[in-house]
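Chains, contacts and geometry: an overview
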Amino acid sequence: MRKKPTKSNLRATVALMRRRLADDEQGATAIEYALVASGIAVAIAAAVTTLGSTTADLFTKVAALF
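Residues numbered from 1 in each chain as written. Predicted model: local features only at pLDDT ≥ 70, side-chain atom pairs only at ≥ 80, totals over all residues. Heavy atoms only, no water.

Here we come to the overall build of the protein chain. Within the protein chain one finds 2 helices and 0 strands. When each of the 66 residues of the protein chain is scored for burial, the buried share is 0%. Accessible surface, the protein chain as shown: approximately 6,500 Å² in total, 67% of it carbon and sulfur. (Helix = DSSP H or I, 4+ residues; strand = E, 2+ residues; numbered from the N terminus. Buried < 20%, exposed > 50% of the residue type's maximum accessible area, 1.4 Å probe, protein only. Areas by Shrake-Rupley, 256 points an atom, 1.4 Å probe, with all protein chains shown as cover.)

What follows is the structure in structure tokens.
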């Protein structure tokens, strides 16, 4: 049978968990990396769209020459 936790034991556990959570920065780092990756993805998508339009116009002009 389990012992019923005491108030002081619960307070110590909560305090310990609060300190561990405050010291843990892995979540913040992961979010920063996700934001950087999404920014790079948006830049790549914009570049590919622009390059695709430019290339399509170039092929259209070249095809019109023949």
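Still to come is the rest of the account.
Turning next to a nonpolar patch on the surface. Where nonpolar side chains cluster on the molecular surface, the patch consists of V36, I40, I44 and V48 and spans about 370 Å² of accessible area. The topology assignment puts I44 in helix α2 (residues 26-65). (Patch = residues over 30% accessible without salt bridge, like charges linked within 9 Å, V, L, I, M, F, W, Y side chains within 5 Å. Salt bridge = Lys/Arg side-chain N within 4 Å of Asp/Glu carboxyl O.)

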